[in-house]
Amino acid sequence: MDAFASLIHGFGVLADPMNIVYMCIGIVLGVLIGVLPGLGGANGVAILLPLTFSMSPTAAIIMLSSIYWGALFGGAITSILFNIPGEPWSVATTFDGHPMAQQGKADEALTAAFTSSFVGALLAVIVITFVAPLVANFALRFGPAEFFAVQLLTFCSFVGMGRESAFKVLAAMMLGFALAAVGMDSVTGELRMTYGTVELMRGFDFLIAVIGLFGIGEILLTLEEGLSFRGKSTSITMRSVLNTWKRLPKFWATYLRSSAVGCWLGITPGGATPASFMSYGIAHRMSKNRANFGKGEIEGVVAPETAAHAAGTSALLPMLTLGIPGSPTAAVMLGGLLIWGLQPGPMLFIEQKDFVWGLIASMYLSNVVGLIIVLTTVPLFAAILRIPFSIIAPVIVVICCIGAYTVHNAYLDVVIMLFFGVLGYVMKKLGYPLAPLVLALVLGDLAESSFRQSMLVSQGSLSIFWSNWLVGSICALAMLMLFWPLISILIDRLRNGKNRHQGEATRA
Amino acid sequence: MASEHDVMPSSAPGESQTTITTRGMELILSGFFMVVAGFVMYDSVRVGNGWATDGPEAGYFPFYVGLIMFLASAGTFAVNLLTRKPDLSNFVARSSLVLVLKVLAPTFVYLGVMYFVGIYVASILYIGLFMMWLGKYPLAKTVPVAVLIPLALFWLFEIAFLIPLPKGPLETALGF
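Everything quoted here is computed from the prediction, not taken from an experiment. Starting from 1, residues in each chain are numbered consecutively following that chain's sequence as written. Chains and ligands are labelled sequentially in the order written, the chains with letters from A and the ligands with numbers from 1. Since the coordinates come from a predicted model, pLDDT governs what is reported: local features require at least 70, and pairs of side-chain atoms require 80 or more to be given and counted, while whole-chain, interface and lining totals use all residues.

### Points about the overall build of chain B
For step 1, the next point in the chain: Counting its regular elements, chain B contains five helices and two strands.
For step 2, the next point in the chain: Start at the N end of chain B and walk to the C end: the helices and strands fall as α-β-β-α-α-α-α.
For step 3, the next point in the chain: Between the two quantities, the radius of gyration covers C-alpha atoms and the globule rule is 2.2 Å times the number of residues to the power 0.38. Relative to a compact globule of 176 residues, whose C-alpha radius of gyration would be 16 Å, chain B shows 24 Å and is clearly more extended.
For step 4, the next point in the chain: Along the three orthogonal principal directions, the C-alpha set of chain B runs to about 65 × 60 × 25 Å.
For step 5, the next point in the chain: When the 176 residues of chain B are sorted by exposure, 31% land in the buried category. Starting at the N terminus, helices and strands are each numbered in turn, a helix being any DSSP run of H or I of at least four residues and a strand any DSSP run of E of at least two. Exposure classes come from backbone-placed C-beta atoms, where a residue is buried if 20 or more other C-beta atoms lie within 10 Å of its own, exposed if 12 or fewer do, and partly exposed in between.

### What about the overall build of chain A?
For step 1, the next point in the chain: Broken down by element type, chain A carries 22 helices and two strands.
For step 2, the next point in the chain: Computed over its C-alpha atoms, the radius of gyration of chain A comes to 23 Å, within 12% of the 23 Å expected for a compact globule of 508 residues.
For step 3, the next point in the chain: Principal-axis analysis of the C-alpha atoms places the extent of chain A at approximately 80 × 70 × 55 Å.
For step 4, the next point in the chain: For chain A, buried positions account for 61% of its 508 residues.
For step 5, the next point in the chain: A residue pair is marked as a contact if its C-beta atoms, positioned from the backbone, fall within 7 Å. Sequence separation of 24 or more characterises 79% of the internal contacts of chain A that already satisfy a separation of 6 or more.

### Section: the interface of chain A and chain B
It is common to give the size of an interface as the accessible area lost on bringing the parts into contact.
For step 1, the next point in the chain: Taken together, the contact pairs 51 residues of chain A with 55 residues of chain B.
For step 2, the next point in the chain: The set of elements that each furnish at least two residues to the side of chain A that touches chain B consists of helix H8 (166-181), helix H9 (206-225), helix H18 (389-408), helix H19 (411-429) and helix H20 (435-458) of chain A.
For step 3, the next point in the chain: Element by element, the count of residues in the side of chain A that touches chain B is highest for H18(A), at 12 residues.
For step 4, the next point in the chain: Residues were grouped as follows: Ala, Val, Leu, Ile, Met, Phe, Trp, Tyr, Cys and Pro as nonpolar; Asp, Glu, Lys and Arg as charged; and all remaining residues, including Gly, as polar. Considering only residue class, the side of chain A that touches chain B consists of 34 nonpolar, seven polar and 10 charged.

### Thoughts on the domain arrangement of chain B
For step 1, the next point in the chain: Split by domain assignment, chain B resolves into domain 1 (22-82) and domain 2 (96-173).
For step 2, the next point in the chain: What marks off one domain from the next here is an automatic or database domain assignment. Using only C-alpha atoms to locate each centre, domain 1 of chain B and domain 2 of chain B end up separated by 39 Å.

### Concerning helix H1 (residues 2-14) of chain A
Residues and elements named next belong to chain A.
For step 1, the next point in the chain: In a helix, the anticipated span is given by 1.5 Å times the number of residues less one. Here H1 contains 13 residues, and its C-alpha end-to-end distance of 19 Å stays within 8% of the 18 Å for a straight helix at 1.5 Å per residue.
For step 2, the next point in the chain: Looking only at H1, the buried set comprises Gly10, Val13 and Leu14. Buried residues of H1 fall within an arc of 95 degrees about the axis and therefore sit on the same side. Pointing more than 90 degrees away from the buried face of H1 are the exposed residues Phe4, Ala5 and Ile8.
For step 3, the next point in the chain: Elements that come into contact with the buried residues of H1 comprise helix H2 (17-35), helix H4 (57-82) and helix H17 (353-384). The arc under discussion is defined with respect to the helix axis, by the directions toward the C-beta atoms.

### Some thoughts on the environment of A:Ile33
All names here are of chain A.
For step 1, the next point in the chain: Inspection of the secondary structure assignment puts Ile33 in helix H2.
For step 2, the next point in the chain: A residue is classified by how many C-beta atoms lie within 10 Å of it, and Ile33, with 28 of them, is buried.
For step 3, the next point in the chain: Distance from Ile33 to Ala71, taken between C-alpha atoms, is 5.9 Å for residues 38 residues apart in sequence.
For step 4, the next point in the chain: Leave out the neighbours within four places in its chain, and Ile33 touches Leu39, Gly40, Gly44, Ile67, Gly70, Ala71 and Gly74.

### Describing the nonpolar core
For step 1, the next point in the chain: Connectivity within a nonpolar core runs through C-beta atoms within 7 Å, and the core itself is a set of buried Ala, Val, Leu, Ile, Met, Phe, Trp, Tyr and Cys residues. Counting 219 residues, the largest nonpolar core has A:Ala149, A:Val210, A:Val438 and B:Met69 as the members making the most contacts within it.
For step 2, the next point in the chain: Looking at this core, the element that brings in the most residues is H4(A), giving 17 residues.
For step 3, the next point in the chain: Setting aside its immediate chain neighbours within four residues, B:Met69 contacts A:Ala171, A:Met174, A:Leu175, A:Ala178, B:Phe33, B:Ala37 and B:Val40.

### A few points about helix H13 (residues 299-314) of chain A
One turn of an α-helix holds 3.6 residues; hence residues three or four places apart share an orientation.
For step 1, the next point in the chain: In a regular helix each residue adds 1.5 Å, so 16 residues correspond to 22 Å; H13(A) covers 22 Å between its end C-alpha atoms and thus fits that length.
For step 2, the next point in the chain: In terms of burial, H13(A) is a largely internal element, 16 of the 16 residues being buried.

Quick look at the structure:
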């Protein structure tokens, strides 16, 4: 019951009215970011991160995480009203959400989406409250080898669980590590890969990369299809909210299933996007109204939204306890922790109790506040979407440039950001995943230092990663994940071979 | 109504939409990554990728990063080069590419202009140009939007948050 006491302590931290103000600002900004194309959770947080340098870390993380929750809520608005997913994780919401809006049931779809997001997030926060201290406690026993093993597992799971080609996942990931290594080596003080230039001594900042890859890259992709917002307008009345709420409890099984899927994929670095698709697929298979899916079935809105929000929220669990973010946005926040001078990892739960429990308590409150804000302000945000793209696009580019500049007050960073934008556009079109790149860029230095420390302990022998059952089993799991694409090909071959034999046998 | 100011790819009838095949682009990008990986490995060997008396040298970790990146990109390269059914679909339709370039080119110019006149004046020009050229807005509608947004940003950054952004001669003349 320690968790309860700590949680109450966390609510005490929240009693500072400024924290509540930052929370509300964060949510409104977040919804705005989620609604606008080209601005998403990851680069929205990246752009606003420099603004928080002067705040206390607790106030800053509350505002940034509120932006994240807001962005998760906001993605649903564009999906349902305009059939344009504001965020990748709300693609699955368009399948049934937009048909509902076309049938004039936009208010129902939006209420269902927001409520499901809320329920998903709430269940995930409960998981964080009770599981995170246990994980952190366990991780206190970790040495450098164990930390590197966990990082290895994180990166290998991208290969094993991603739908992209394993080669491409690896290439993108290693590009991230390579970019992270540019600049001064923190151990030997040697300059790496600067090729004699002073500007590169600073290295590549992940914030610049995130703003370019996700911001400019996304704008270019959106632009290519040509963007015209012609959507349904709606407002939500109290009556329609209550009517929809009456219908929702019968989907309790969908809620539980989707939250479980979401929490699992959020904690392992699957992220919110696969979670929403997987949850939609499962709901489709298990539902009684299977035939109605894709034509405006409310359960088809409930399932992906619950999972996306559960995944987005639980992505913070490994970030806080192990220092390993479960999603690109969590990765950016982790970078923020490092900038504020906090070392993410199990010690955070001991040394920074105010920070950790203030954040966890704020998750409860900000999701309640978020639900109220989005339910009441939908018409406002829908109106923002009616601003033509030829105004929105240059403004977003300007904001991305300002965001890139403020990181180091360096003009060159803005140019680099734009190149990352072009790179992001091409990579995305060719099916290279961007999440492992960002995670590798953020974690690169941490992963390298834990690798080097373990190498120092073992005097350069890789056997340290199999030296005890804990590190050994994590590494074995990581290898399984890494070679999963190969293994699954083998399994397919074997099974097909067997089927052919059986086919021949029956024919004979 | 807003729809006439939407930015849509447009093409003259009969105009060819082909630019480059997806396979060609795959080869270019994975080739580029192989070159990048080569640079990473080259530099790691330069700073030393072995074992010094005090532990791993600075290039120890990046060398393997470069090696894996090289092998993985070589894999993508080989798959696309040797496959029996190459993906010959169009990487990007010409009309879409034109639109993307129409946004990218002014953005690069914007960065160049920003270097000399500061971010605020450059933003006024950039937003204005974008609205008039791509959005086909009349001047009377363009000017208020293009001026007010950078002004709001000026207030937010220079006055409210005290974060200095690049400024040019105009701001200096006004005393900032």
